[in-house]
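# Coordinate analysis (summary)
Chain by chain, the residues:
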Amino acid sequence: MKRPRWITLTTDFGRSDSYVAEMKGVILREHPDAHLIDITHEIPPQDRISGSLVLRRSYRYFPKGTIHLIVVDPGVGTSRKLLIGKAKQYLFLAPDNGLLSPLLAEEPMTFYALSQTRVSSTSSSATFEGRDLLAPAAAKLLRGIPPQKLGRPVRSIVKLSEWDVTFSSRSLRGKILAKDHFGNLITNIRQKDFVKFQAQKKDKPVWVKAGKIIFRGIAHTYAEGQKKPIALFGSAGLLELAVRNGNASHRLSLKQGSHIDLVYGTS
Amino acid sequence: MKRPRWITLTTDFGRSDSYVAEMKGVILREHPDAHLIDITHEIPPQDRISGSLVLRRSYRYFPKGTIHLIVVDPGVGTSRKLLIGKAKQYLFLAPDNGLLSPLLAEEPMTFYALSQTRVSSTSSSATFEGRDLLAPAAAKLLRGIPPQKLGRPVRSIVKLSEWDVTFSSRSLRGKILAKDHFGNLITNIRQKDFVKFQAQKKDKPVWVKAGKIIFRGIAHTYAEGQKKPIALFGSAGLLELAVRNGNASHRLSLKQGSHIDLVYGTS
Amino acid sequence: MKRPRWITLTTDFGRSDSYVAEMKGVILREHPDAHLIDITHEIPPQDRISGSLVLRRSYRYFPKGTIHLIVVDPGVGTSRKLLIGKAKQYLFLAPDNGLLSPLLAEEPMTFYALSQTRVSSTSSSATFEGRDLLAPAAAKLLRGIPPQKLGRPVRSIVKLSEWDVTFSSRSLRGKILAKDHFGNLITNIRQKDFVKFQAQKKDKPVWVKAGKIIFRGIAHTYAEGQKKPIALFGSAGLLELAVRNGNASHRLSLKQGSHIDLVYGTS
């Protein structure tokens, strides 16, 4: 098999400046055969939850050996660590601020804290560690340098609690993590959470409560709702609220952090 | 000659989510040597007219053998077909909703309806056929699998009537298809429509009526109008209304669908 | 060493149309092994100052031999020249309207005016020279054709005076060139301007005056200011006004062109 060649990039840098391109230039100078794929650079500024959502839903579609680099970093320039996460098929690079934690439910990983002196021989900018530390680290990893040569093992990482759902005998409480380009509202409720909740009372249907709206069941395609809002498991395997060819975020008074409850309905 | 290697991507998915990147990952897993070029992902949601315009003006600039994949799909999850269009130099992949129809004026094509079972061995998401069916189909086509192995021939496809112009002895009626990033308003009137209309009455000049404005002739460069709106044939070979270093869409009360008439003026 | 293979693209074309993709297609047809990197396509329309800023801060991060193509062109279709700039490690392509002039402080360059007949055998669109002249010229340069084969030498180029700062015994006056995606306000004051100004009166601290606000010193990281605006030298080596995890452009009543003064404070 050929050596892996892909590095994906996910940031909140936007597309209007040259920040992303500077990172790409640094990678290509270090490793001219790197292939660079943008996941998105339009994570809302400093929004770690949206960043973790994008990474979690997309990483698995890439070829084995792909290196996923993500920078959404409210703590840039402070003493928080920069992490390498080593999973079975992928490597991840990110600040230690929770971005990687939602992956742990699906990917056992070991972590390393990047050592500045092992990555860069020159002094780096305190304001742009994505370019000056993470980018050269990604290039080195792609060249086959093992994570343990670039940092020291770390036992635990910062967790994002926003991904946790709360089970009780009467309800499962989750929340809205983000809205997408089409205005679909994506929650932290996974299909297996739903199945587990449903299994508790097999004789009852499961309804979805979101603010004042109750969805009496789960749809299977966006087309089902006609023009009404629907709840369905979207292509990321997470519960979404959507309006066919419309914008659920405009129609429903819900936003990032709003509660969503699974409850038992009457059949 | 080397095997073709390019797949272009045109969607209304936006750039803020990972939808486009997931399609790219799927293509690269199936065909690691694919080169992926974004045309745009900012087609207004569900706007098939803008989608067809972007595809029609750009496809011909790519190397022979390029595969053009476009997803603007108000009917996702319904029973509409997914098409492969085979032209002399290019292959096209799109939902059967009119996106490919404006190309037929320039490119004779044969069509195939994609067969889900021939493209994907696993069950696919009902909500993201772009990733689960069109992306792997594009990769297979790039690997040299012929269209007839991925689907069955179809005789006719859905047409977009918005591209039709109406000739009469006194006028040629077209309409505005879309506005571009600079606010230029792009119509469906082609240079050859203009030439044909002009040829009917060679002693008269051709004027352009757009709402209450009359353009007494056609400009050749954006610079001609100074600060006034002008009508000119733009780089796509279609009649445009523009304002030099300004925004025609803001200046003129016209929008997608507004009528534009060619009429005979007084010399 | 392998032949260089990168062409970077910087434009004000936006991402919603196919303009950028058409340029890429033209390059790939002329040179299928070209690797294309987007710097940004979201330069504000016709804003040469922002364009020159993006190019100046990013070009040096790319591998030796990279060709940098930039199109921000209020004069498209007029008689202004199209330039090839030849620096020690890079080649540049741009309209002659000042875009390349800020590089001259750092990169000695020789210039050539592109000859239309040497670049393109077919007649080109008067409205899209980026696609019809600059793109094929970039591909030819990447293939190793020397600049002097594509144009004639020119002695002087148009300058952008907005990059000039004014020294006096009591102050150094610069201005805001642009704001970035995070709302940081980037000035034309370089670290070496600051050092030179500071050296004049070694016993006094240097303060930064921006409108009604005085910054009593220079920060080193975005984290220092807590929630207050700070002045610091950003990752481009230029003085910036910023608010940690906030938006300086919203907080301060300053815009492109606003004056920024370095003055001597009281220690």
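Note that the coordinates shown come from a computational prediction; the quantities given were computed from them, not determined experimentally. (Residues numbered from 1 in each chain as written. Chains lettered and ligands numbered in written order. Predicted model: local features only at pLDDT ≥ 70, side-chain atom pairs only at ≥ 80, totals over all residues. Heavy atoms only, no water.)

## Observations regarding the sheet that holds strand β4 (residues 82–86) of chain B
All names here are of chain B. Put simply, the rule reads: Strands qualify as paired when DSSP identifies two bridges or more between them. For helices the rule is a DSSP run of H or I covering at least 4 residues; for strands it is a run of E covering at least 2, with both sets numbered from the N terminus onward. Lines fitted to C-alpha atoms define the axes here, with helix axes fitted over just the stretch in contact, and angles between the N-to-C directions of these axes take values from 0 to 180 degrees.
Pairing is mixed across the open sheet formed by seven strands, whose spatial order is β2-β1-β3-β5-β4-β6-β7. Either end of the sheet is taken by a strand with one partner, and the two such strands are β2 (35–40) and β7 (151–154). Taking the axes of each pair of neighbouring strands and ignoring which way they run, one obtains an average angle of 25° across the sheet. Of the strand pairs in this sheet, strand β1 (residues 6–11) and β2 are connected by five bridges, and their pairing is parallel. Note that in β2 the partner of L9 across the bridge is D38.

## Section: the relation of the copies chain A and chain C
One copy of the chain maps onto the second through a rotation about an axis and a displacement along it. What counts is decided by this rule: Each copy is superposed on the other by least squares, with the fit set by C-alpha atoms of residues at a pLDDT of at least 70 in both. The contact criterion used throughout is that any non-hydrogen atoms of two residues lie within 4.5 Å.
Under the fitted operation, chain A is carried onto chain C by 0.0 Å of movement along the axis and a turn of 120°, and the coordinates agree to an RMSD of 0.0 Å. These values place the two chain copies in the arrangement generated by a three-fold rotation axis. Looking at chain A, a mere 3% of its interface residues are interface residues in chain C too, so the copies touch through different faces.

## Thoughts on empty space enclosed by the protein
Rules: We place a 1 Å grid over just the protein atoms. Points where a 1.4 Å probe fits but has no way out form a cavity, open points with protein on both sides within 12 Å along at least 5 of 7 lines form a pocket, and any residue with an atom within 4 Å of a point lines it. Grid points are joined across faces, edges and corners, and a volume is the space filled by probe spheres set on the points.
Applying the stated criterion across every chain yields a total of six cavities of 30 Å³ or more. As a volume, the largest cavity reaches approximately 630 Å³. Lining the largest cavity are 27 residues, and of these L36 and I37 of chain A, L36 and I37 of chain B together with L36 of chain C lie nearest its centre. Contributing elements (two or more residues each) for the lining of the largest cavity: α1 (19–30) and β2 (35–40) of chain A, α1 (19–30) and β2 of chain B together with α1 (19–30) and β2 (35–40) of chain C.

## Focus on helix α2 (residues 48–58) of chain A
Residues and elements named next belong to chain A. Just so we agree on the cut-off: Remark: exposure states derive from per-residue accessible area (1.4 Å probe, protein chains only) relative to the maximum for the residue type, with buried under 20%, exposed over 50%, and partly exposed in between. The term polar contact refers here to a pair of N or O atoms within 3.5 Å; inside protein, the definition further demands a hydrogen-donor-capable atom paired with an acceptor-capable atom, and it admits residues adjacent in sequence only when both atoms are side-chain atoms.
Buried residues dominate α2, accounting for ten of its eleven residues. Of the positions making up α2, those classed as buried are I49, S50, G51, S52, L53, V54, L55, R56, R57 and S58. N-cap assignment for α2: the residue whose side-chain oxygen lies 3.1 Å from the backbone N of I49 is D47.

## A short note on the pairing of strand β4 (residues 82–86) of chain A
Residues and elements named next belong to chain A. Of all five residues that make up β4, four are buried, and the element is covered over most of its length. Here β4 pairs with strand β5 (residues 91–95) via five bridges, running antiparallel. Residue pairing across strands places L83 opposite A94, the latter belonging to β5. With four bridges joining them, β4 and strand β6 (residues 110–114) adopt antiparallel strand pairing. Its bridge partner lying in β6, G85 is registered against F111.

## What about the interface of chain A and chain C?
Threshold: Values labelled buried area give the accessible surface lost by two parts on being combined, using a 1.4 Å probe and summing over both. Salt bridge, as used here: a side-chain nitrogen of Lys or Arg that lies within 4 Å of a carboxyl oxygen of Asp or Glu. Note on residue classes: Ala, Val, Leu, Ile, Met, Phe, Trp, Tyr, Cys and Pro are nonpolar, Asp, Glu, Lys and Arg are charged, and everything else, Gly too, is polar.
Opposite the 29 residues of chain A that make contact, chain C presents 29 residues. Taking both partners together, chain A and chain C bury about 2,600 Å²; carbon and sulfur atoms supply 55% of that area. At the boundary of chain A with chain C, the tally comes to two salt bridges. Salt-bridge contacts for R5 of chain C lead to D33 of chain A; the nearest nitrogen and oxygen are separated by 3.2 Å. One can count twelve residue pairs in polar contact (both at pLDDT 80 or more) joining chain A with chain C. Residue contributions to the side of chain A that touches chain C peak at eight residues, all from α1 of chain A. For the side of chain A that touches chain C, the residue count by class is eleven nonpolar, ten polar and eight charged.

## A few points about the environment of S52 of chain A
Residues and elements named next belong to chain A. Note on placement: S52 falls in helix α2. Sequence separation between S52 and D203 is 151 residues; the distance between their C-alpha atoms is 36 Å. Setting aside chain neighbours within four positions, we find S52 in contact with L99, P102, L160 and W163. A polar contact of 2.9 Å, which involves the side chain of S52, links it to the side chain of W163.

## Side note on the packing of α1 of chain A against helix α4 (residues 129–142) of chain A
Residue and element names in this part refer to chain A. Rules: Every angle not falling under 35 degrees, over 145, or within 65 to 115 is termed oblique; those three ranges are roughly parallel, roughly antiparallel and roughly perpendicular. If you view the pair so one helix is near and one far, a crossing is left-handed when the near helix is turned anticlockwise from the far one by less than a right angle, and right-handed when it is turned clockwise.
For the pair α1 and α4, the least separation of the axes is 8 Å and the interaxial angle reads 40°. With respect to α4, the element α1 is oriented oblique. Seen along the crossing, α1 lies across α4 with a hand that is right-handed. Of α4, the residues touching α1 (which contributes E22, M23, V26, I27 and E30) are G130, R131, A135, P136, A139 and K140. The residue inventory of the contact of α1 with α4, partitioned by class, reads six nonpolar, one polar and four charged.

## Concerning the pattern of salt bridges
Residues and elements named next belong to chain B. Within this structure, the stated rule accounts for 45 salt bridges over all chains. Across the salt bridge formed by R131 and E22, the nearest N and O atoms sit 2.7 Å from each other. Of this pair, R131 sits in helix α4 (residues 129–142) while E22 sits in helix α1, placing them 109 residues apart in sequence. E22 shares its class with R131; the two are buried.

## Notes on the interface of chain A and chain B
Taken residue by residue, the interface counts 29 residues in chain A and 29 residues in chain B. Of the roughly 2,600 Å² buried between chain A and chain B, counting both surfaces, carbon and sulfur atoms make up 55%. On the chain A side of the contact with chain B, Y61, H181 and F182 of chain A bury the most area, a combined 25% of that side's loss. Here chain A and chain B share two salt bridges between them. Here R57 of chain A makes a salt bridge to E22 of chain B, at a shortest N to O gap of 2.5 Å.

## Here's the deal with the packing of aromatic side chains
Remark: the centre distance and the inter-plane angle together describe each pair of aromatic rings, the angle taken between the planes. Residues and elements named next belong to chain A. Rule in force here: The criterion for an aromatic pair is that two Phe, Tyr or Trp rings (for Trp, the six-membered ring) have centres within 6.5 Å, with stacked assigned to planes under 30 degrees apart, edge-to-face to planes over 60 apart and tilted to the rest.
Under the counting rule described, the total for this entry stands at 30 aromatic pairs over all chains. On the numbers, 5.5 Å between centres and 70° between planes, the contact of F194 with F233 is edge-to-face. With F194 in helix α6 (residues 191–200) and F233 in strand β13 (residues 229–233), this residue pair connects regions lying 39 residues apart in the sequence. The buried category is assigned to F233, whose relative accessible area is 11%.

## Description of unusual backbone geometry
The backbone of Q46 of chain A shows a phi angle near 65°, a positive value even though the residue is not glycine. Note that Q46 of chain A resides in the loop between β2 and α2. Of the residues examined, Q46 of chain A reaches a relative accessible area of 23% and is grouped as partly exposed. Backbone geometry places N245 of chain B, a non-glycine residue, at a positive phi of 50°. Examined against the element boundaries, N245 of chain B turns out to sit in the loop between β14 (238–243) and α7 (248–251). Assessed through its relative accessible area of 32%, N245 of chain B is described here as partly exposed.

## Some details on the confidence of the model for chain A
Here is the rule we go by: A score from 0 to 100, pLDDT tells how confident the predictor is in each residue.
Averaged over every residue, the pLDDT of chain A is 92; the share at 70 or more is 96%. For this predicted complex, the interface confidence reaches an ipTM of 0.93, while the overall pTM sits at 0.94.

## A few points about the relation of the copies chain A and chain B
Mapping chain A onto chain B leaves a residual RMSD of 0.0 Å; the transformation is a rotation of 120° accompanied by 0.0 Å of translation along its axis. Counting the interface residues of chain A, we find that no more than 3% of their copies in chain B are interface residues as well, pointing to two distinct contact surfaces.

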